[in-house]
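Spelled out, the chains give:
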Amino acid sequence: MTESDRHKRAKSKAAGRAGETEAPLRGNRRLDALSSNKAVEIELSGTINGLEKAAKRLKDSGKPQKVLQVPQKDMAKAAKAMQTVGISGTVKNMGGTKRRSITKKK
C-alpha cells in the first residue's frame with residue numbers, strides 16, 4: 001500500500017533537518033523518523049494491532065525519547081498500546097497541540 005501525502009509530510013517534519021526517515025530496524029522493519037536521540041512513529045490507521053506494532057518498533061529503536069504520533073481520536077488507544085508493549089514515551093496528536101506522557105508499567 002502506498003504512503004499518503006499526509007504521512008510523508010508528518011514523517012519529514014518529525015525527522016527535522018538532521019534526522020532521517022525510514023530508518024532501518026532489525027527484522028526487515030523501518031522506523032518512520034529518527035534523529036540523534038528521538039524515535040518517532042506515525043500511525044494513522046487507529047487499529048490496536050497497528051498501534052502495538054508501531055510501539056514495538058519504537059521499543060526496538062533504542063533511543064531515549066520515543067514518540068507515537070496519532071490522530072487525536074486515537075490518543076487513548078495509543079497510550080494503551082504503549083503500556084501493553086511496556087515502553088515509556090509520548091503520545092502526540094497530529095497537529096502537535098496535545099501530548100500525553102506514558103510511563104512504563106511495572
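Residues numbered from 1 in each chain as written. Predicted model: local features only at pLDDT ≥ 70, side-chain atom pairs only at ≥ 80, totals over all residues. Heavy atoms only, no water.

Draft legend 1. Looking closely at the pattern of salt bridges. Tallied over the full model, the rule gives 7 salt bridges. Its salt-bridge partner being R29, residue D60 comes within 2.4 Å of it at the nearest N-O pair. With D60 in helix α2 (residues 48-61) and R29 in strand β2 (residues 29-34), this pair connects stretches of sequence that are 31 residues apart. For D60, a relative accessible area of 43% translates into the label partly exposed. Judged by relative accessible area, which is 28%, R29 ranks as partly exposed. (Salt bridge = Lys/Arg side-chain N within 4 Å of Asp/Glu carboxyl O. Helix = DSSP H or I, 4+ residues; strand = E, 2+ residues; numbered from the N terminus. Buried < 20%, exposed > 50% of the residue type's maximum accessible area, 1.4 Å probe, protein only.)

Draft legend 2. The sheet that holds strand β3 (residues 38-42), seen in detail. Strand order in this open sheet of 6 strands is β1-β2-β3-β4-β5-β6, and the pairing throughout is mixed. Every other strand in the sheet has two partners, leaving β1 (20-25) and β6 (99-102) as the edge strands with one partner each. Recorded for the sheet is a direction-independent mean angle of 35 degrees between the axes of neighbouring strands. Bridge count for strand β5 (residues 89-93) against β6 is 4 bridges, and the pairing is antiparallel. Paired with G89 across the two strands is I102, which belongs to β6. The strands that helix α3 (residues 75-85) touches are β4 (65-70), β5 and β6; relative to β5, the one it contacts most, it runs at about 160 degrees. (Pairing = 2+ DSSP bridges. Axes fitted to C-alpha atoms, helices over the stretch in contact; angles between N-to-C directions. Contact = heavy atoms within 4.5 Å.)

Draft legend 3. Inspection of the packing of α2 against α3 at higher detail. Interaxial distance between α2 and α3 falls to 9 Å at its minimum, and their mutual angle equals 50 degrees. As summarised for this structure, α2 and α3 are arranged oblique, according to the angle between their axes. For the crossing formed where α2 meets α3, the hand is right-handed. Packed against α2, whose contacting residues are I48, L51, E52, A55, K56 and K59, the element α3 presents K77, A78, A81, M82, T84 and V85 at the interface. For the contact of α2 with α3, a count of residues per class yields 7 nonpolar, 1 polar and 4 charged. (Parallel < 35°, antiparallel > 145°, perpendicular 65-115°, else oblique. Left-handed = near helix turned anticlockwise from the far one by under 90°. Nonpolar A, V, L, I, M, F, W, Y, C, P; charged D, E, K, R; others polar.)

Draft legend 4. Main features of the pairing of β3. Taking burial as the measure, the 5 residues of β3 include 4 buried ones, the bulk of the element. One ladder, built from 2 bridges, connects β2 with β3; its direction is antiparallel. Directly across from L34, in β3, lies its bridge partner A39. Counting the residues in the hairpin turn of β2 and β3 gives 3 residues. Where β3 meets β4, 5 bridges bridge the pair, whose relative direction is parallel. Looking at the pairing, E41 lines up with L68 of β4. Running through α2, the crossover from β3 to the neighbouring parallel element β4 is right-handed. (Right-handed = clockwise from strand over helix to strand, strands pointing away.)

Draft legend 5. Seen up close, helix α1 (residues 5-15). Every buried residue of α1 is accounted for by H7, A10, K11, A14 and A15. End-on view of α1: buried residues confined to an arc of 130 degrees, all on one side of the axis. For α1, exposure combined with an orientation more than 90 degrees from the buried face picks out D5, R9 and K13. Next to the buried residues of α1 lie β1, β2, β3 and β4. Phi turns positive one or two residues past the end of α1, at G16, with a value near 75 degrees. (Arc of directions from axis to C-beta.)

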